2 protein chains.
Amino acid sequence: MYYCLASCAFPSSHTTLHLRNKLSPFLFRRNRSHQTLQLCRRNFQIRAMRAVIQRVSSSSVTVDGRVVSEIGPGLLVLIGIHESDTDADADYICRKVLNMRLFTNESTGRGWDQNVMQRGYGVLLVSQFTLYGFMKGNKPDFHVAMPPEKAKPFYASLVERFQKAYNKPDAVKDGVFGAMMKVNLVNDGPVTMQLESPQSSKNETKASTES
Amino acid sequence: MYYCLASCAFPSSHTTLHLRNKLSPFLFRRNRSHQTLQLCRRNFQIRAMRAVIQRVSSSSVTVDGRVVSEIGPGLLVLIGIHESDTDADADYICRKVLNMRLFTNESTGRGWDQNVMQRGYGVLLVSQFTLYGFMKGNKPDFHVAMPPEKAKPFYASLVERFQKAYNKPDAVKDGVFGAMMKVNLVNDGPVTMQLESPQSSKNETKASTES
């Protein structure tokens, strides 16, 4: 038995009703196969920017055997960009990552107390389109990730956004977009967080297009 | 403007209707704050086992400066256990991780073609309760992760399950549950996947309790 009620956000009651009609077979029928659930999830998935954040003692990126970027203690942030992502998603991810309290306050001993900027630690951003992988059986499918020609400048603007928002811009480092990289890290704890942007911007855009 | 239609699974139309009543203010009203959206997401979240899978050239776990576990090429799998997880979730995650086609077939050059077992590569499992962290503002809250006293034996049985399912049990390694660890890895690509178990088992259990 599988049930599905998709987590999404919609611009108008018209669209909401339309989607509820489309979803209703999944909402109210039992004994659906897992294939159906996956199809439903794929079609009505959350559309958002994704990040996987690892608290690290150190991290570096190597391309063709050469270290192109490195940080000491801080955060390694893998970024997955959805084809529908906008500046608002980038804003949210940037703000949340920089302000997440993932570090112990060493003067008080209190855990989950300080963010990466309060510690003056590094942030290493690495583009990771596989975060938008959906499993078709056992094979990953990446068709909802933003295509590389659009994702490259968008990702570059995200890196700039982090550098502007951090009061110590040099602390924000970057991999090489689209390159085959070896990403070295020492996950400290380990501490790994998953983050998704909310979807307001897309709804507003879609609403203004539709209305 | 925020809208919310939560992705969940329910045992009966009674429960579904009850939830739709609870959700209706979020579904059909506009101009809700982000706080409300987050509350909605937190209360009606997906209940599943989570995994973050990284394809690695090598990985190891160090506790108190001593390497306790290591693999060469393969998968580092961070596991987040929800308080409601059952053997069915463990079965799903084990099967999917071992069968995901994340490796290139070197004889044909075809990408995303072979799974970790076909390559005879290692699997390093590390328990990671922070995957069930929800942000309360900027502070993570982990109250829906399975409590340690219950999670420890459950996680141990998950490791055994992987060892039994892999045709080369020695290839499956483990960290130290609950210890402060340094998890070293070289993410190769990088390739990072997020996985969640489906929710059938929980629905069946809940349905039989309620009926």
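Residues numbered from 1 in each chain as written. Chains lettered and ligands numbered in written order. Predicted model: local features only at pLDDT ≥ 70, side-chain atom pairs only at ≥ 80, totals over all residues. Heavy atoms only, no water.

A word on the side chain of Ser84(B)
All names here are of chain B.
And step 1. In this fold, Ser 84 is placed in the loop between β3 (74–80) and α3 (87–99).
And step 2. The exposure class of Ser 84 is buried, given its relative accessible area of 17%.
And step 3. Reaching out from Ser 84, the side chain makes a polar contact with the side chain of His 82 at a distance of 2.8 Å. (Helix = DSSP H or I, 4+ residues; strand = E, 2+ residues; numbered from the N terminus. Buried < 20%, exposed > 50% of the residue type's maximum accessible area, 1.4 Å probe, protein only. Polar contact = N/O pair within 3.5 Å; in protein donor to acceptor, adjacent residues only side chain to side chain.)

Focus: unusual backbone geometry
All names here are of chain A.
And step 1. The linkage connecting Gly 189 with the following residue, Pro 190, adopts the cis geometry, with an omega of -10°.
And step 2. Take Pro 190: it is sitting in strand β10 (residues 181–196).
And step 3. A positive phi angle, near 50°, is found at Trp 112, a position not held by glycine.
And step 4. Following the sequence through the fold, Trp 112 ends up in strand β5 (residues 110–114).
And step 5. Take Trp 112: its relative accessible area is 22%, and that puts it in the partly exposed class.

Quick word on the packing of helix α3 (residues 87–99) of chain A against helix α5 (residues 148–165) of chain A
All names here are of chain A.
And step 1. In the contact formed by α3 and α5, the axes pass within 10 Å of each other and the chain directions differ by 40°. Compared by their axis directions, α3 and α5 come out oblique. In this structure, α3 crosses over α5, and the sense of that crossing is right-handed. Judged by residue contacts, Asp 87, Ala 90, Asp 91, Ile 93, Cys 94, Val 97 and Leu 98 of α3 engage Phe 154, Leu 158, Arg 161, Phe 162 and Ala 165 from α5.
And step 2. Considering only residue class, the contact of α3 with α5 consists of 9 nonpolar, no polar and 3 charged. (Axes fitted to C-alpha atoms, helices over the stretch in contact; angles between N-to-C directions. Parallel < 35°, antiparallel > 145°, perpendicular 65-115°, else oblique. Left-handed = near helix turned anticlockwise from the far one by under 90°. Contact = heavy atoms within 4.5 Å. Nonpolar A, V, L, I, M, F, W, Y, C, P; charged D, E, K, R; others polar.)

Focus on the environment of Lys164(B)
And step 1. Looking at where Lys164(B) falls in the secondary structure, it is placed in helix α5 (residues 148–165).
And step 2. Linking Lys164(B) and Phe177(B), residues 13 residues apart in sequence, is a C-alpha distance of 20 Å.

A short note on α5(A)
Residue and element names in this part refer to chain A.
And step 1. Taking 1.5 Å of rise per residue, 18 residues should cover 26 Å, and α5 covers 25 Å from first to last C-alpha, within 8% of that figure.
And step 2. Those residues of α5 lying buried are Ala 151, Phe 154, Tyr 155, Leu 158, Val 159, Arg 161 and Phe 162. Projected down its long axis, α5 carries its buried residues within an arc of 155°, all on one side. Summarising the geometry of α5, the exposed residues directed more than 90 degrees from the buried face are Glu 149 and Lys 164.
And step 3. Those residues of α5 hidden inside the fold are in contact with β3 (74–80), α3, β6 (122–127) and β9 (172–174). (Expected span 1.5 Å × (residues − 1). Arc of directions from axis to C-beta.)

Here we look at the confidence of the model for chain A
Residues and elements named next belong to chain A.
And step 1. On average, chain A scores 80 in pLDDT, and the residues at 70 or more come to 72%.
And step 2. Overall, residues 1–44 carries pLDDT values under 50, and its contacts beyond four positions in sequence, including any with other chains, amount to 98 contacts.
And step 3. Contacts of residues 203–211 to residues separated by more than four positions or lying in other chains number 12 contacts, the stretch itself having pLDDT below 50.
And step 4. Interface confidence for the predicted complex, given as ipTM, is 0.78, next to a pTM of 0.78. (pLDDT = per-residue confidence, 0-100.)

A short note on the packing of aromatic side chains
We describe a pair of aromatic rings using the distance from one ring centre to the other and the angle between the two ring planes.
Residue and element names in this part refer to chain A.
And step 1. Applying the stated criterion to the full structure yields 9 aromatic pairs over all chains.
And step 2. Taken together, a centroid distance of 5.1 Å and an interplanar angle of 80° make the contact between Phe 129 and Phe 142 edge-to-face. One end of the pair, Phe 129, is in the loop between β6 and β7 (134–136); the other, Phe 142, is in the loop between β8 (139–141) and α5, with 13 residues separating them in the sequence.
And step 3. Assessed through its relative accessible area of 41%, Phe 129 is described here as partly exposed.
And step 4. Classification of Phe 142 as buried rests on a relative accessible area of 16%. (Phe/Tyr/Trp six-rings, centres within 6.5 Å; stacked < 30°, edge-to-face > 60°.)

Thoughts on the pattern of salt bridges
And step 1. Using the criterion set out here, one finds 16 salt bridges over all chains in the structure.
And step 2. The shortest N-O distance in the salt bridge between Asp113(A) and Arg110(A) comes to 3.9 Å.
And step 3. Given a relative accessible area of 14%, Asp113(A) falls into the buried group.
And step 4. The salt bridge partner of Arg119(B) is Glu106(B), with a shortest N-O separation of 3.1 Å. Pair noted here: Arg119(B) is in helix α4 (residues 116–119) and Glu106(B) is in the loop between β4 (103–105) and β5 (110–114), with a separation of 13 residues, a long-range link.
And step 5. Taken together, the shared-partner salt bridges connect Asp87(A), Asp91(A) and Arg161(A) into one network. (Salt bridge = Lys/Arg side-chain N within 4 Å of Asp/Glu carboxyl O.)

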